[in-house]
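Spelled out, the chains give:
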Amino acid sequence: MTTKVLIVDDHRLFRSGVRAELGDSIEVVGEAEDVESAVKAIAELRPDVVLLDVHMPGGGGQEVLRRVLGSGSQVRFLALSVSDAAEDVIGVIRGGARGYVTKNISGNELTEAIRRVAEGDAVFSPRLAGFVLDAFASSEAPPIDPELDSLTQREREVLRLIARGYAYKEIAKELFISVKTVETHVSSVLRKLQLSNRHELSRWATARRLV
Amino acid sequence: MADRPTFRDAPPASPPEAEDAPFPRLTRPVEGRLVAGVAQGAAQQLGLDPVVIRLAFVLLTVVSGIGVVAYVALWVFTPRRPFEGHEPPRDWSQFTAFAAIGLALTGFGWLTGTPTGGFGTWPIAVGGIGALILWQQAAPDRRKRWMSGAVRGVRHNWIRSALGMGLVVIGGIGFLAVRGEWVRPGLLFTAVVVGGLAVIGAPWLAGLWRELQLERRERIRQEERAEVAAHVHDSVLHTLTLIQRNANDPREVQRLARAQERELRNWLYQPVQNADATFAGAVRRAAAEEEDAHGVPIEIVCVGDQDLDGPLRAMVQAARQAMVNAAKYSGASVVSVYAEAEPEEATIFVRDRGKGFDLDEVPLDRMGIRESIIGRMERNGGTARVRTAPGEGTEIMLTMKLERL
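Residues numbered from 1 in each chain as written. Chains lettered and ligands numbered in written order. Predicted model: local features only at pLDDT ≥ 70, side-chain atom pairs only at ≥ 80, totals over all residues.

## Quick notes on the overall build of chain B
Here is step 1: Counting its secondary structure elements, chain B contains 13 helices and five strands.
Here is step 2: For chain B, with 405 residues in total, the buried portion stands at 25%. (Helix = DSSP H or I, 4+ residues; strand = E, 2+ residues; numbered from the N terminus. Buried ≥ 20, exposed ≤ 12 C-beta atoms within 10 Å, placed from the backbone.)

The structure is reproduced here in structure tokens:
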């Protein structure tokens, strides 16, 4: 079964580059270049996965997430950006994206990431893993909801390995668990990231390490 | 002061601009000047004979000395009109004539005992000169705006304007009445006049203040934009040129692009990290330098941070050696570095997916791993573990316990 993908990015060169790099298991059903056209294309083309740029005219990726997910759509988003700003990264994840990868990702890795997101799993780049570890570590305030506001030891281990550049398969081997279990841990971290009430999570980014 | 930046905005040369701009900016012409060209310029601007202006200056000087002050102030704040070629000489005979008139008037006043303005006139005079300077410095369209703003203000609130006018008139009459007697009532009535003017001009002053603030913000914004432009020019454009010049050397192109990307990212997103003072900053710098030196991308993720002390410095050195090894010998296309600083422990992982090696077969004289990495870590109270096998890539794990008081 091929995965239907919509590419949303305001750089035409980048869209065609991604199109060329994706493997045979991916079918690019369309492209969009701003918030309006993205919302329209998602409604019309019904892709499985939307590759979403973070910075775009008309409100950026977060606006697309808000409008599409707000209308009850089940489409899955994978954020793809050149931005390293923690607030951007955390922002789109909390907005509902199921993963975040940087644009210098290789074609194979991107194909793999799309497949994972299409299956309902989460995709973390090393940098995102680093941000999440940082965000959950810098908790002076006691957690409001212990289940959502802190990571388990195992989740921390998985994130650390992702940050160290390990692929899911390598993580599974390292921790003597199955790839499926690794995916479960990452999805659980994603859920915490999205649902945690720790409001400083989104704001932590700007203040971090400026002590 | 003659070549202040406003100079650029001054009308190009001599009179013709008088027709197209009703209020041209005051400039000091060279031809026809007696002292500095202030009177000549003012006369041209107001459409009067310069003699009238000169006489006014002389009279003001004789009466209260204000003439000299006004002249000097205008001299300082007025740009000189551009003039090319040999400067014409001054007409000293005219100058002498005006000086003689001034001296004669002074003598006459002294002989007849005519009272001069005294202290009381000074605040008004200074305020007037200030307003005059502000006025003549402003560009024509802004003057028009001020005027229309003032007119609107008066129309909108005629009660306040009438009150202000009343105060000005009372103050003026009182001032004239007590003139030359005591200083104190003179000052008091001066204050009344100033208060009246303030009441009339309050909305106008507020508008002026707002406009100045707006202008200041705009200037700051422009300065910022200029700084960004300068940065982009110095770095990005420069690198793009280099990339085009090295287009046939893919390795060099990649190295340039990576270095530029890193530099831009740091500038855009990274909080300022002092590479000499913090652990994460030092690791980032080491990775950046080795990436530049060997042309292999080094992906770095940092979590947390600590102040850089002796043992941590040694640890960064060891990590740097690990990066060098990975970049030089592993054959991997990318090296991953993960550095984490917790309150009680710091760890660095340097990993590649390259060809790996057999640790036992490393010759004893190869100092890289044994000395520069493992030895250095142990001497500083830390540990280093090497995980590698042929074909499996290599990962070096450095750990350092932190002793914090």
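That covers the picture; the talk isn't over yet.
## Looking at the overall build of chain A
Here is step 1: Along the backbone of chain A there are eleven helices and six strands.
Here is step 2: Here chain A holds 211 residues, and the buried ones make up 46% of them.
Here is step 3: Intrachain contacts of chain A at a sequence separation of at least 6 include 67% that bridge at least 24 residues. (Contact = placed C-beta atoms within 7 Å.)

## Focus: helix α2 (residues 38-46) of chain B
Here is step 1: Turning to α2(B), its buried residues are Val38(B), Ala39(B), Gln40(B), Gly41(B), Ala42(B) and Gln44(B).
Here is step 2: Downstream of α2(B) by a residue or two, Gly47(B) has a phi angle that is positive, lying close to 75 degrees.

## As for the interface of chain A and chain B
Here is step 1: With 13 residues of chain A at the interface, the matching set in chain B holds 13 residues.
Here is step 2: Considering every element that reaches the side of chain A that touches chain B, the biggest residue donor is helix α6 (residues 126-137) of chain A, with six residues.
Here is step 3: For the side of chain A that touches chain B, the class distribution of residues is six nonpolar, two polar and five charged. (Nonpolar A, V, L, I, M, F, W, Y, C, P; charged D, E, K, R; others polar.)

## Focus: the packing of helix α2 (residues 35-45) of chain A against helix α3 (residues 60-70) of chain A
Residue and element names in this part refer to chain A.
Here is step 1: Orientation of α2 relative to α3, taken along the N-to-C sense of each, is 35 degrees, at an axis distance of 10 Å. Here the hand of the crossing between α2 and α3 comes out right-handed. Across from Val35, Ala38, Val39 and Ile42 in α2, the residues of α3 making contact are Glu63, Val64, Arg67 and Val68.
Here is step 2: For the contact of α2 with α3, the residue count by class is six nonpolar, no polar and two charged. (Axes fitted to C-alpha atoms, helices over the stretch in contact; angles between N-to-C directions. Left-handed = near helix turned anticlockwise from the far one by under 90°.)

## Here's the deal with the environment of Leu240(B)
Here is step 1: Considering the arrangement of structural elements, one finds Leu240(B) in helix α9 (residues 183-245).
Here is step 2: Considered as a pair, Leu240(B) and Gln260(B) are 20 residues apart in the sequence and their alpha carbons are 9.1 Å apart.

## Description of the packing of α3(A) against helix α4 (residues 86-95) of chain A
Residues and elements named next belong to chain A.
Here is step 1: Viewed as axis vectors pointing N to C, α3 and α4 meet at an angle of 10 degrees, and their least axial separation amounts to 9 Å. When the interaxial angle is binned, α3 and α4 end up roughly parallel. Residues Gly61, Gln62, Leu65 and Arg66 of α3 pack against Gly91, Val92 and Gly95 of α4.
Here is step 2: Looking at the contact of α3 with α4 residue by residue, the classes come out as two nonpolar, four polar and one charged. (Parallel < 35°, antiparallel > 145°, perpendicular 65-115°, else oblique.)

## Examining the confidence of the model for chain B
Caution is warranted with low-pLDDT regions, since their predicted coordinates should not be read in detail.
Here is step 1: Put simply, chain B has an average pLDDT of 75, and 73% of its residues get 70 or more.
Here is step 2: Interface scoring of the predicted complex returns ipTM 0.77; its pTM is 0.59. (pLDDT = per-residue confidence, 0-100.)

## With respect to the pairing of strand β3 (residues 345-352) of chain B
On any regular strand, side chains alternate: one points to one face of the sheet, the next to the other face.
Residues and elements named next belong to chain B.
Here is step 1: By the criterion of burial, β3 is predominantly enclosed, with six of the eight residues buried.
Here is step 2: Judged from the seven bridges that link them, strand β2 (residues 335-341) and β3 form a sheet pairing that is antiparallel. Looking at the pairing, Ser336 lines up with Arg351 of β3.
Here is step 3: Hairpin connection, β2 to β3: the antiparallel pair is bridged by three residues.
Here is step 4: In terms of strand pairing, β3 meets strand β5 (residues 394-401) through eight bridges, oriented antiparallel. Its bridge partner lying in β5, Asp352 is registered against Thr394. (Pairing = 2+ DSSP bridges.)

## Comments concerning the sheet that holds strand β4 (residues 76-81) of chain A
Residue and element names in this part refer to chain A.
Here is step 1: The strand order across the open sheet built from six strands is β2-β1-β3-β4-β5-β6, with neighbouring strands paired in parallel fashion. Where the open sheet ends on each side, the last strands, each with one partner, are β2 (26-32) and β6 (123-124).
Here is step 2: Relative to strand β3 (residues 49-53), strand β1 (residues 3-8) is paired through four bridges, and the arrangement is parallel. Paired with Leu6 across the bridge in β3 is Val50.
Here is step 3: With respect to the sheet, helix α1 (residues 12-21) is in contact with β1, β2 and β3, its orientation differing from that of β1 by roughly 160 degrees.

## Here we look at the nonpolar core
Here is step 1: Counting 101 residues, the largest nonpolar core has Leu78(A), Val283(B), Ala319(B), Met323(B) and Val337(B) as its most contacted members.
Here is step 2: With nine residues, the single largest contributor to this core is helix α12 (residues 310-329) of chain B.
Here is step 3: Setting aside anything within four residues of it in sequence, one finds Met323(B) in contact with Ala286(B), Ala287(B), Glu290(B), Ile298(B), Val335(B), Val337(B) and Val350(B).
Here is step 4: Formed by eleven residues, the second largest nonpolar core is a distinct cluster that contains Val38(B), Ala39(B), Ala42(B) and Ile66(B). (Core = buried A, V, L, I, M, F, W, Y, C linked by C-beta atoms within 7 Å.)

## Thoughts on α3(A)
All names here are of chain A.
Here is step 1: Along α3, the residues classified as buried are Gly60, Gly61, Gln62, Val64, Leu65 and Val68.
Here is step 2: Elements in contact with the buried residues of α3: β1, α2, β3, β4 and α4.
Here is step 3: Looking at the residues trailing α3, positive phi occurs at Gly72, about 90 degrees.

## Notes on the sheet that holds β3(B)
Here is step 1: Pairing is mixed across the open sheet formed by five strands, whose spatial order is β1-β2-β3-β5-β4 (chain B). A strand with exactly one partner marks an edge of an open sheet, and here the two such strands are β1 (298-303) and β4 (382-388) of chain B. On average, each strand axis in the sheet is tilted by 10 degrees relative to the strand beside it, whichever way the strands run.
Here is step 2: Note that β4(B) and β5(B) share seven bridges and pair antiparallel. Across the sheet, the residue bridging to Arg387(B) is Glu395(B), located in β5(B).
Here is step 3: In the packing of α6(A) onto the sheet, contacts are made with β1 and β2 of chain B, and the angle to β1(B) comes to roughly 10 degrees.
Here is step 4: Across the face of the sheet, helix α11 (residues 279-294) of chain B comes into contact with β1, β2 and β3 of chain B while running at roughly 180 degrees to β1(B).

## Re unusual backbone geometry
Residue and element names in this part refer to chain A.
Here is step 1: Located in the positive-phi region is Arg46, a residue other than glycine, with phi close to 45 degrees.
Here is step 2: You can see Arg46 is positioned in the loop between α2 and β3.
Here is step 3: Judged by the 13 C-beta atoms lying within 10 Å of it, Arg46 is partly exposed.
Here is step 4: Of note, Phe176 is a non-glycine position whose phi angle comes to about 55 degrees, a positive value.
Here is step 5: By secondary structure assignment, the location of Phe176 is in the loop between α9 (168-175) and α10 (179-195).
Here is step 6: Residue classification places Phe176 among the exposed positions, given that 7 C-beta atoms sit within 10 Å.

## A word on the confidence of the model for chain A
Here is step 1: Taken residue by residue, chain A gives an average pLDDT of 80. The fraction at 70 or more is 86%.
Here is step 2: Per-element confidence in chain A ranges from a low mean pLDDT of 50 for helix α11 (residues 200-207) of chain A to a high of 89 for helix α8 (residues 153-163) of chain A.

## Describing the pairing of β1(A)
Residues and elements named next belong to chain A.
Here is step 1: Buried residues dominate β1, accounting for five of its six residues.
Here is step 2: Bridge analysis of β1 against β2 gives six bridges, and the strand direction is parallel. Bridged to Leu6 within β2 is Gly30.
Here is step 3: As a crossover connection, the stretch from β1 through α1 into β2 is right-handed. (Right-handed = clockwise from strand over helix to strand, strands pointing away.)

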